[in-house]
Structure formats: structure tokens, C-alpha cells
Amino acid sequence: RNSLRHSHSGEPRLHLSALARSIAMSLGGKKPGAPSIRQFRSGDPMDEKESNRTWECLKHAIHQIHEHNASSLSFEELYRNAYNLVLHKYGELLYNGVQGVVADHLKGVAQSCIECPDDRLLDELKKQWDDHKTTMVMIRDILMYMDRNFVTQYKKVPVYEMGLVIFREKVSGHPRVKSHLLTLLLDNITAERRGEQVDRILLKHTLNMLVELGVQGKNVYRECFEDPFLDHTRKFYQDESKQYISQNPCSDYLKKAEKRIREEKARVENYLHESTMEKIQELCDEEWISVHYKTLIHMENSGCAWMFQCDKIEDLERMYLLFSRVPISLKEIQKVMMDCMCEAGREVLNDPEKVKDPVSFITAILSLKQKFDRFVKESFKESKDFQLALKQAFESFLNKDTRTAQYLSLYVDDQFRKGLRGMSNDADVDAALEQVVTVFRFLQDKDVFENFYKQHLARRLLTGRSVSDEAERSMISKLKSECGHQYTSKLEGMFQDMKLSEDIMKQYKNSFASPSLARGMAPRTGTTPAMSSSIDLKVSVLTSGFWPGPPGSPCELPPEVQDCCSRFETFYLAKHTGRKLFWQPQNGFADIKAQMPKTKHELNVTTYQMCILMLFNQHVTLTYKDLQVRSNIPLEELKRHLMSLYVNPKAKILVRRDPDKEKKDPEDSDQFMVNPQFESKLMRIKVPLVQLRGETNLTAEGTDAAGSADVPATVEEDRKHLVEAVIVRVMKSRKTLEHNQLVMEVTRHLTSRFQPAPTLIKQRIEKLIEREYLERSNADRRVYNYLA
């Protein structure tokens, strides 16, 4: 054969073009001292003597290969001789002979490795291993025919693999070489862990040798290196992690763990076998994280809670990424995060300064939400589990009572009256409203929020004090998307009433023409401006089902105002037959011109205050009893509106004749008159209302410090009707239902508005049974039947 190219899977390929010099030698040419071999024809019979002579020739050639004298050999002649031995049934002689020669040679190699100094052992092994592979490739190519026939037929180990097995047994597996080799490898790795430089190429070559020696079902790399390496690494990191955690804060430990895990990954990529990657990563996770994660999370002055308090975004991110390798440890971080949030929330709820001011209260809640939102987004990579933990924590402390629902409504009221005024564009306004909706989502008592929001919205619409109608509608739209049409239907109806009232007023004004000096009040069923010679009356016609609060009691309006009201009423009822108007003076306001003894002013007052002040046009002094009789204002309202006119030093329009009385509340015999000493630099004066004890303020200013933790009575009553309606709706659909199933269904339907107590549902079921909407089953008393 002029050239031989043969490759076995996983073995070096020999390109015999490099040996062209030897192949080109004449068959007759021979080196002095080499055995003389007669040309043998394959057709001739071969006796034992001839076979031994042929084997001796091959044996000598193998010795020459081991001595690096392959250039003197004729590989074509050697291949033919091996071919003839196998062909004439001397394959066993050839196979055993080669095995013995290679074994004898490797015994000498093993001895040279044993005698080699430790610092040169890896280099010596590299040299001997490279030589061995090269010689075995040459020997394999000479014996290629034997590999293909004899070895296959008798299920022997192929020649190249046989050489690897012998090297494994005689050299790398020699007790002294094996122990020294493992010690050197582990020492080099330990030195690298200490930061010293090592010969990675040499280590990679040595470990690849162990991998290649893993033939015939034996994993030399794992047995001789990987298992001891993992045990050594475990012990090393056990000691290091224990020492490091006892001497360093949590953040430094996390950096160290991150560095070590990264180093071990790089080590596998650089010179260890890829099969070690998963095992070493699991080992690092266990020793650096699993064993110590609870200690790290709860470490005082540097653990997870401290990181949340001090806004350590990067440290929490590092902790999350590391602990994600051990998923169970993330549950502990979530628990600490929830505890921190609840603790911070309780501090806000119990802070007397913030409780006094709903705006500060909700601002603190929003700041807390933004803070932990940032943790979830940046540190925890928007993990769904952490988002759920944040939601649960906020719901936990925000729903301790109904204060948050009330204060959120007050906060929104403050925003619409003045907070949004400084915002330059719609995006900022929308972002501010979205923050409100974010807190709103956490509320369980959404009906309580609706109750207060409706009162505040009514006040803003009637007084015209909202910064932006567009923003108001945007807020209602957001609430609608959260809770559905039913939740906002009354709020939308209030806006519709105001729009219709404007249209009515335009029609009414077109029917009259007169100058306007002052503005009047607002009735319960509509918005009506009546015109007279000196009064501009603006009326808002309100649909009774949309607007909050009980119907107000009528009072004695000044005759000129009453005349305007009567004109409007006649106009309205002429256009809308079948409707009734009930005037609501408690919701009205007025601008009146006042000629005080020293100065002139324009006073912005309520309708009730206007009625009180207008009485002093005909009387110099009036007693409290006189005011009751002449104004017909409800007693509590009279008391509040009258006190607002003489108690507030900045708007002291009236004076009480007996100023030495310590008690501020008026008595029947108290006499009142216009304040002759009243002075103010302001032309336009707004007279604020005082808040009586036990009275709920509808604005954020001056809120009772304790707030109101109870559900308002009106909301309680609405809840009863809602629960009954849902029970009937469910039972009408299902016809028959067991008690616990009915409770679950009703709770599911009402969760979007409030969380009904099982006792409330049970009470309403009993009421419906009494009213014969439901009945108990005769077969099972816990089962209800629907009665059509």
C-alpha cells in the first residue's frame, strides 16, 4: 500500500505521508543489524518457525518505534507481515506478542515517572503520554488488518485501546504515580484558589489524558480525579464559608460567594472536563448558599431587612441572583420583605402626625409602594412571586381598618382641588392618578372609598373647585376599569347632572335679561339660576339617586332670593312635567356684598350663612333664639354656620354681646350683631366652616387625628342590600345550594367591592327566608331552595 489512512473514533489519525521516507525504502534494503526477512508470498503455507521469524521482525520494528527510529522501517513490509500472520491463523501470537511488548515498554515508562521529582511529574507524564499515543497510532496502522479481522472475530480489545488500557494499568494507575498525580493536581487547584498562577495548559493536558484513558467501560477521570476533587473542594469551601460568614457582613459574603462560583465555572471551562460543571456548581450552591442562607438573610445590621431599610438595591439584586440558584431560599427573602413592608406600613398607620393629615398619610403609603416597587423591578427582576408577596403585604396592613379608604378619598380630593394644579402636562396628571389607583387596588373596602369619594366629588362639582373636569372623568374611567360600570354609574350620573344643569341655565337665562350681582344656592333636583334685578341665581338640578347624603330641610330664604327660586321652579316644571324639585340649601353657597362699618367686602359664604347675615339688614341685634325662629335652619346646622361667623378671628363678621363667656357654643339668650370693629386687607373673604365635635370633615384639612376606623352606617346599610341581591341572584341561577357553597359564591361575587363576613351573609340569608325568597330543604337543613 502506497499510503495508509485509518481512523478509529476518538483516536488520533495517522497520516502516513509523514512516513513516506520509510515506505519508499526498497523491500530489499535493510538496516545493518535488522533481522533478515525472506519475501513471503501470501499463497505459500506458513509454518510455526516462519511465523516466529515474522513475529520477531515485527517485534523489532515495534522496539524501533518506541526508540523513535520509525524512519528506518518499511511500513508496507511490516503491514504485509502482520497481514500474513493473521491470514495463516497466527493472530493470537501476534496479538499477545504486541500486548507483551507494549507492556514491557510501559513498565520502563512507569519507572521513569516514579523516579521523576514531583515538580516535574506533570511534564514527564505529558511527554510520555504524547509519545505513547504517537507510537500506538503507528503500531495500530501496521496491525490494521488484525484489528479488522482477528480482533473483531474474537472480540478482543482493539490495538489502540489495548495500548490505553496498558498505560492506565502500568503508568497512570501505578499506586505511586496515581497518588502523586492526584496530589499535584489538587495542590495546583488550591494554589489557583489562593490567587497564584498555575500552568492551566499542562493541567488541561493531564486531565484530558485521564478522560482519554476512560475506555472499556472505566471512568478514569471520575475515579482518579473528579471524586477526590469534589470531596477536597467541599471541605475547602465548608471551612472558608464558615470562617468568612463569621468575620464579614452579608454583602461582602455575597460578593465572595459570587466570586467563588464564577471561579469554579471558569475552572471547568479552562481545564476540567465539562461533566464536572453541574457537580461543582451544585456543590458551590450547597456550601455557599443552602447551608448559610437563613443566617445571611437574618444577619443583624447587614442582612436582608437592613438592605430593605437602607435601599441597598445592588446588594439585594446580588442576593436574589445568587439565591435563585437555590429556589427555596427565595421564600425566606419574600417573607422578610413582607415583614419589612408590614412594619413600615404599621409605622405610617400609627404615626400621629401622618394620621392627622390624610395627604401626608397617603403620600407616605405611595412612597412606601414606590420604594418596594423599585426593589421588585430592579433587585428581583420583576419576579411574579415577589410581585405577589408585595401585593399580599400591602393588602395586609392597608386593610386593618377603613381609614386608608377614607384617607385615600381625602387625598384624591386634595389633588383635584389643588395638587394637580402645578402639573404641566397630561402625562403627569395621569401618572398621579395612576398612583391613586395603585393603592385603590389593594383596598378590600372599595365601597367605603366610593362612599367618601362620592361626597367629595359632589362638593367639588357644586362649588366648582375641581382643577380639571377632564382629570375628574379620567379618574372615574380608571375606577370603572378596575371595578366595573356599576361601581361608577352614580359618579357618571353626577357629571351628567352638572352638564344638563348648564344647558337648563342657558335656556333660563335666554328667557330673562337682568344684571347679576351675586350668586345663590343649589337645590337637590337640579341646577337653577333665577334672575331678578339684583341677584344672579345659579341652580344645579341633582338627580336624587345619584347624589350622596340625606335630603336637606328647607329654610327661610331672604324674600328676594325666594322670589328668584320660585321663578326658576315655575320655568323648570313647565318644561319637565311630572317632576318635583326639593331645594337643598345645605349644598349651596353665595357671594354677597357687605358694607361693614369700616370697609367694603365681598363675602363668600354658604347659603345658611347668607340667610343669617341677611337678617341683620333689618335688625341691629338678634338672639340665638330669634335666629332659629326667623331662619328656620336646622339647629345643628345653624349652630355650626353661626359659630363660623363669630369664632374665626380672620372672618369675625358677627360678635356676641357677652364676649367674656368661656363657652364658645351659642345659647338661646346670646345676642349677636355685626362686628363694628371688623377690618381686613382682603376685598374678597371666604368664611370657612368650623367643625363641630363628632363631625366628619369632608376635606383633608383639619381631619380628626384618630380618623374613622369603622364602616360608615350608610355603607353598612348598602352592604346588607348588596349581599341580599347577590344571594337572590345566585340562588335564582342555581335553584338549590348548600350553605358553605352559597357563602363562597356570594363572597366571590362581592370581593371586588368589599370582603363580606360569613356572619353578615348568614344574617341576610335568614332575612330572606323570613321574607320567603328562600327556604330550607326538608331533607337537609343546611341546604337552601329558591322560591320563585
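Up top is the structure.
Residues numbered from 1 in each chain as written. Predicted model: local features only at pLDDT ≥ 70, side-chain atom pairs only at ≥ 80, totals over all residues. Heavy atoms only, no water.

Colleague: Account for the environment of Arg 318, naming residues and giving values.
Modeller: As for its placement among the helices and strands, Arg 318 is situated in helix α15 (residues 313-323). Take Arg 318: its relative accessible area is 17%, and that puts it in the buried class. As for Arg 318 and Ser 379, which are separated by 61 residues in sequence, their C-alpha atoms are 7.7 Å apart. (Helix = DSSP H or I, 4+ residues; strand = E, 2+ residues; numbered from the N terminus. Buried < 20%, exposed > 50% of the residue type's maximum accessible area, 1.4 Å probe, protein only.)

Colleague: How would you summarise the packing of helix α16 (residues 328-350) against helix α18 (residues 358-379) if you had to cite specific residues and measurements?
Modeller: Two elements in contact, α16 and α18, have axes whose closest approach is 10 Å; the angle formed by their N-to-C orientations is 165°. Taken together, the axis directions place α16 and α18 in an arrangement best described as roughly antiparallel. Where α16 crosses over α18, the handedness of that crossing is right-handed. Residues Met 337, Cys 340, Met 341, Ala 344, Gly 345, Val 348 and Leu 349 of α16 lie in contact with α18, whose contacting residues are Phe 361, Ala 364, Ile 365, Leu 368, Phe 372 and Val 376. Considering only residue class, the contact of α16 with α18 consists of 12 nonpolar, 1 polar and no charged. (Axes fitted to C-alpha atoms, helices over the stretch in contact; angles between N-to-C directions. Parallel < 35°, antiparallel > 145°, perpendicular 65-115°, else oblique. Left-handed = near helix turned anticlockwise from the far one by under 90°. Contact = heavy atoms within 4.5 Å. Nonpolar A, V, L, I, M, F, W, Y, C, P; charged D, E, K, R; others polar.)

Colleague: Summarise empty space enclosed by the protein; cite the residues concerned and give the values.
Modeller: Tallied over the full model, the rule gives 1 cavity of 30 Å³ or more. Within this model, the largest cavity holds a volume of roughly 40 Å³. Surrounding the largest cavity, Ser 172, Lys 178, Leu 181, Leu 182, Leu 185, Leu 210 and Cys 224 form its lining. When residues of the lining of the largest cavity are assigned to their parent elements, the largest contribution, 4 residues, is made by helix α8 (residues 175-193). Residues that form the lining of the largest cavity fall into these classes: 5 nonpolar, 1 polar and 1 charged. (1 Å grid on protein atoms, 1.4 Å probe; cavity = no way out; pocket = protein on both sides within 12 Å on 5 of 7 lines; lining within 4 Å. Points joined across faces, edges and corners; volume = space filled by probe spheres on them.)

Colleague: Would you mind going over the nonpolar core in detail, with residue names and values included?
Modeller: One finds Leu 94, Phe 225, Phe 308, Phe 323, Met 337, Phe 380 and Tyr 453 to be the most contacted residues of the largest nonpolar core, which totals 163 residues. With 11 residues, helix α4 (residues 91-115) is the largest single contributor of residues to this core. Contact partners of Phe 225, with chain neighbours within four places excluded, come to Leu 182, Leu 185, Leu 186, Ile 189, Leu 207, Leu 210, Val 220 and Leu 272. Tyr 508, Cys 564, Cys 565 and Tyr 572 belong to the second largest nonpolar core, which has 46 residues in total. (Core = buried A, V, L, I, M, F, W, Y, C linked by side-chain atoms within 4.5 Å.)

Colleague: Account for the pattern of salt bridges, naming residues and giving values.
Modeller: Enumeration according to the criterion identifies 58 salt bridges in this entry. As a salt-bridge pair, Arg 267 and Glu 264 come within 2.6 Å of each other at their nearest N and O atoms. Separated by 3 residues within a single helix, Arg 267 and Glu 264 lie in helix α11 (residues 250-270), roughly one turn from each other. Given a relative accessible area of 4%, Arg 267 falls into the buried group. A relative accessible area of 0% places Glu 264 in the buried class. A single network of salt bridges, built from pairs that share partners, joins Glu 192, Arg 193, Arg 200, Glu 264 and Arg 267. (Salt bridge = Lys/Arg side-chain N within 4 Å of Asp/Glu carboxyl O.)

Colleague: Quick one: what's the story with the environment of Ile 261, residue by residue and with numbers?
Modeller: When you line up the elements, Ile 261 lands in helix α11. Its relative accessible area of 5% is what places Ile 261 among the buried residues. For the pair Ile 261 and Leu 322, spaced 61 residues apart in the sequence, the C-alpha separation amounts to 9.4 Å. Each residue touching Ile 261, except ones within four places of it in the same chain, is listed here: Gln 281, Cys 284, Asp 285, Ile 289, Leu 322 and Arg 325.

Colleague: I'd love a proper account of the packing of aromatic side chains, names of residues and values included.
Modeller: Using the criterion set out here, one finds 29 aromatic pairs in the structure. Between Phe 236 and Tyr 237 the ring centres are 5.3 Å apart and the planes differ by 70°, which places this aromatic pair in the edge-to-face class. In this structure Phe 236 comes out as partly exposed when scored by relative accessible area, which is 22%. The aromatic ring of Phe 236 is capped on one face by Arg 193, whose charged end is 5.3 Å from the ring centroid. We note Lys 446 situated over the ring of Phe 440; from NZ or CZ to the ring centre the distance is 5.4 Å. (Phe/Tyr/Trp six-rings, centres within 6.5 Å; stacked < 30°, edge-to-face > 60°. Lys NZ or Arg CZ within 6 Å of the ring centre and 35° of its normal.)

Colleague: Residues and numbers for helix α25 (residues 559-575), please.
Modeller: Across its 17 residues, α25 extends 25 Å between first and last C-alpha, which sits within 8% of the 24 Å expected from 1.5 Å per residue. Taken together, the buried positions of α25 are occupied by Val 561, Cys 564, Cys 565, Phe 568, Phe 571 and Tyr 572. All buried residues of α25 project into a common sector of 125° when viewed along the axis, lining one side. For α25, the exposed residues set more than 90 degrees away from the buried face come down to Pro 559, Thr 570 and Ala 574. (Expected span 1.5 Å × (residues − 1). Arc of directions from axis to C-beta.)

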